[in-house]
Amino acid sequence: MRRGDRRAYHVPMVLLERTPALGSAADYLRAATAGNGRLVFVGGEAGVGKTSFVDQVVAAAGSAVHVARGACDGSTTPPPLGPLREMLPVLPVGIWPEDAERADVFLRLGEALGRPGTPYLLVIEDAHWADDATLDLLRHLARRVHRLRALVLVTFRSEEMVGSHPLRLLFGDVTAASGVRRIDLNPLSPDGVRELLAEGADQQTDQQTDQQADPLDADQLHRVTGGNPFFVTEVIAAGAVAVPRSVRDAVLSRTARLSAPARQVLDLVALAGPRCELALVEDLAPELATSLDEALAHGVVVLTGETVMFRHELARLTVLDEIPALGRRAHHRDVLTWLETHDGEPSRMAFHAEAAGQAEAARTHALLAAGRAAALGSHTEAGEQYRRALRHSGSASVADVAELQGRLSFELYVTGRMTEALEAQREALAGWTELAQTERVGRSQRWMSRLTWFSGHTARAWEYATLATATLEGSGGVEEAMAASNRAQLGMLAFDLDTTRHWAGRALSLVEGRTDRAAEEVRVHALNNLGAVEIDSGDAAAGWKLLDDSLRRSQAADLHEHAARAFTNLAAQGVALHDHARAGAYLALGAKYCQDRDLDAWGLYMRGQQALNRLDQGGSAEAVLIAEAVLRSPRVSGVSRIIPLMALAQAHARMGDAPYAETLTEVVDLAYGTGETQRIGPAGAASAEIAWLEGDGGAAELAAQRAWVVVDTVTSPWTRGLVAPWLRDADAAAAADSLAPPYRAEALREWNEAADLWEALGSRYAAGLAWARSGTREGLARAAMRFDELGAGAASARVAALARARGWSTPRGRRATTRAHPQGLTRREAEVADLLVEGLTNGAIADRLVLSSRTVEHHVAAVMAKLDVTSRHAVRDALAPG
């Protein structure tokens, strides 16, 4: 029987105990039809029935939606965006033009899913095997799906979600997104197993009356299988008279009932991968093709369109394990030959070539697969393919191996595996050195500088940077220019104005007059370094212009990461200089730019700066919410944790509303671990301030002295200013002339002038702190009023203690926002109280005000405390009109 005559066989499976989950899916589909899309993660153990559940959702939707399905591949290093490739025939034309960049593809898909008309039901199965690009696609959709006319169902195995599994990291990134939901499918109960067993007995009565005199014991079957529907149905389908010890025994018992030709076909299908082309079976085993119908009829495999699949991956792996090694190798050779003549996916061909022992083919296909994966942002997969190519490079030249090691190093670098990236780059450097390839040697040395800096070895980074510029000196190309800009970046990070100016100028002169993309990348990199250091230690007005120029050029050339870096430095400099308006503008623009392009590393860093910006303006509670959101992300790097942790520790210390000691300890350890002044200075200042709040002036001086050893080596007036005012009077005064104006006034103990300068900048807490540190009666009174207004309870208590020690009383003023409310509620508390009067639950209030549930709980508790009531009904009685 040829493929035109073959029908899709399957064994009917009763979908038990899934009514609530199916009802939720139906609700989500109705919301998506109305333009309020959902992305739903459907989880459960292997065999629990995730695919059957999705099939039921698809069947219930009928013709009301366009259905597009794709699956992730776990048998080989997966091709990038494999599920999306499978969906393309159903999706609108033009989503993936040839050579389109990944970001463009994602944006086109989102635009298509948002159009009026029939909504889409997208299914992505086995996301625990997803490649990096597919995970990024899910992240992209999760953040926007609430505006789309689409329901996206994503299945995954819950037992895979351990440790730092990439999908678990994705969950951390998108759980709070408004359109994301999760459905967990549990194993069957004993009653469910009993019902499934009864259903199977009814279907098999005619065939098994003579074979099975006594029915299986349902309770024992539940105990052995754990209620896993696949395990249960395999036992039933195998016609077992007793419960087998494992699902493996059940699968093999079932396949043993097939004829020898049918078992041979199963071997080929199992080895070809999770999805085997029907044409492959017919071409490679034409004499056995008709036996496929036998396997289909018995439900061991199913036919979907032109693809043959096992009913479950567990069954395929069981059959695969039974294939003898020599037979397996021959099958791999045959499959490879077929794929090579049918334009197969490079990653799949690389897998079969390696398994077939064909080194040259494995290397060739792996290189092509790696290039495609890297271009689409699947950097983990690209790295694995480069490793595969290296395993089969025995006959390759030294130059080819060095090139491969360099490419592998980059993929390891962008996926955060710095130790391995360093080792690969070291191998590349050795190869290019052996060949005396000067330009390649210099390039590898520059990369060694970058990688050692990321690994926390700043001195070694300088050594490699010096080697790179020396090696490339006089070559006059882009490599020499980028090596110079790398030295400029190290200078900028060290607040070394002269070094940064020299090497940035050198880099810019080397690409002067060139308009190609490589030269423009050097230019924006150098301008960024130069702009940041000028703001820190040189001509601030010129620095802002240089950074703006770097940003403008980066955006015009679609150099996304360089643009994100420019946004980050612009915002961070604004925060450091207490230029809150400028910082806020760049933080808003930069956050949107990074979110649109899924540049999470930069976006998270800027969110940390946003927390610090709000903290400096006195918004401690808001700073806490922002910082906590950043720190919840599993993708935030160690360096990016420092600022939000610091903001969190200072905010809690100022408000006195939560423990902060462990947080401060982590900040200090991380900051000093980097060895960088830009992180040590703020950490030292935070430690000193918190010690002062605790009433320990000696500890404050010690924290400042420790930081000053490092900070005193740089000229940045704002960074020096963070620490110097906390030193002893004489030491602070000696440093005063090198500090920014408000810090200079503090160092000279001119507290009223300092407070006025902070007020002019909009740094209201800093102004209050200056008044408090003055120790005068008027200063303490003004500080108490300010700290009360800002909700800085611990700071206010510290001021009161200082006043009492001098025999003075200190006035306490309510916050400005509370004075306008008769019961003393803040604006936000009044909003919450109004909704309590309406009878809304905490969850409904959170949705209405776009707050977290925990924040609403805090506000409700505050409202009850201020109204002196103990129930929500009493709040309504106290505030209801009349």
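Rules behind the numbers
- Residues numbered from 1 in each chain as written.
- Predicted model: local features only at pLDDT ≥ 70, side-chain atom pairs only at ≥ 80, totals over all residues.
- Heavy atoms only, no water.
- Helix = DSSP H or I, 4+ residues; strand = E, 2+ residues; numbered from the N terminus.
- Buried < 20%, exposed > 50% of the residue type's maximum accessible area, 1.4 Å probe, protein only.
- Contact = heavy atoms within 4.5 Å.
- Areas by Shrake-Rupley, 256 points an atom, 1.4 Å probe, with all protein chains shown as cover.
- Lys, Arg positive; Asp, Glu negative; His and termini not counted.
- Charge placed at Lys NZ, Arg CZ, Asp CG, Glu CD.
- Pairing = 2+ DSSP bridges.
- Axes fitted to C-alpha atoms, helices over the stretch in contact; angles between N-to-C directions.
- Salt bridge = Lys/Arg side-chain N within 4 Å of Asp/Glu carboxyl O.
- Parallel < 35°, antiparallel > 145°, perpendicular 65-115°, else oblique.
- Left-handed = near helix turned anticlockwise from the far one by under 90°.
- Nonpolar A, V, L, I, M, F, W, Y, C, P; charged D, E, K, R; others polar.
- Core = buried A, V, L, I, M, F, W, Y, C linked by side-chain atoms within 4.5 Å.

Regarding the overall build of the protein
And then number 1: The helix and strand inventory of the protein stands at 46 helices and eight strands.
And then number 2: With respect to the three principal axes, the spread of C-alpha positions in the protein is 100 × 85 × 50 Å.
And then number 3: Among the 882 residues that make up the protein, the fraction classed as buried is 54%.
And then number 4: Long-range contacts, defined here as pairs at least 24 residues apart, represent 65% of the contacts in the protein between residues at least 6 apart.
And then number 5: Of the roughly 37,300 Å² of accessible surface on the protein, 51% is carried by carbon and sulfur atoms.
And then number 6: Within the protein, the 112 negative side-chain charges are centred at a point lying 4 Å from the centre of the 93 positive side-chain charges.

Concerning the sheet that holds strand β2 (residues 66-71)
And then number 1: The five strands lie next to each other as β2-β3-β4-β1-β5, forming an open sheet whose pairing is parallel. Looking at strand neighbours, the two that pair on one side only are β2 and β5 (180-184), the edges of this open sheet. The sheet shows a mean angle of 15° between the axes of neighbouring strands, taken without regard to direction.
And then number 2: For β2 and strand β3 (residues 120-125), the ladder comprises six bridges, and the chain directions are parallel. For Val67, the partnering residue across the bridge sits in β3 and is Leu121.

Focus on the pattern of salt bridges
And then number 1: Within the structure shown, the criterion is met by 43 salt bridges.
And then number 2: Taking the shortest distance from any N to any O, the salt bridge between Arg446 and Glu479 comes out at 3.5 Å. Separated by 33 residues along the polypeptide, Arg446 in helix α21 (residues 438-454) and Glu479 in helix α23 (residues 478-493) bring together distant segments of the chain. Just as Arg446 is buried, Glu479 falls in that class too.
And then number 3: Taking the shortest distance from any N to any O, the salt bridge between Arg460 and Glu463 comes out at 2.3 Å. With Arg460 and Glu463 both in helix α22 (residues 458-472) and three residues apart, this pair spans about one turn of that helix.
And then number 4: Each member of the salt-bridge network shares a partner with another, and the members are Glu520, Arg523, Asp549, Arg552 and Arg553.

Quick look at the packing of α23 against helix α25 (residues 517-537)
And then number 1: The geometry of α23 relative to α25 is characterised by a closest axis approach of 9 Å and an angle of 20° between their N-to-C directions. As far as their axial angle goes, α25 and α23 are roughly parallel. Here α23 runs over α25; the crossing is left-handed. Residues Val478, Ala481, Met482, Ser485, Asn486, Ala488, Gln489 and Met492 of α23 pack against Ala518, Ala519, Glu521, Val522, His525, Ala526, Asn529, Ala532 and Val533 of α25.
And then number 2: Here the residues of the contact of α23 with α25 sort into 11 nonpolar, five polar and one charged.

What to know about the sheet that holds strand β8 (residues 307-310)
And then number 1: As summarised here, the arrangement of the three strands in space is β6-β8-β7, forming an open sheet in which the pairing is antiparallel. The two strands at the open ends of the sheet, each matched to only one other strand, are β6 (276-277) and β7 (301-304).
And then number 2: Looking at chain direction, β6 and β8 are connected through two bridges and run antiparallel. Of the residues in β8, the one forming a bridge with Cys276 is Val308.
And then number 3: Against the sheet, helix α11 (residues 260-272) engages β6, β7 and β8, with an angle of about 95° to β8.

Digging into the nonpolar core
And then number 1: Counting residues in each nonpolar core, the largest one holds 69 residues, and the members touching the most others are Tyr765 and Phe787.
And then number 2: Considering every element that reaches this core, the biggest residue donor is helix α39 (residues 764-774), with seven residues.
And then number 3: Excluding residues within four positions of it along the chain, Tyr765 makes contact with Asp616, Gly618, Arg654, Glu689, Leu693, Phe787, Leu790, Ala792 and Ala795.

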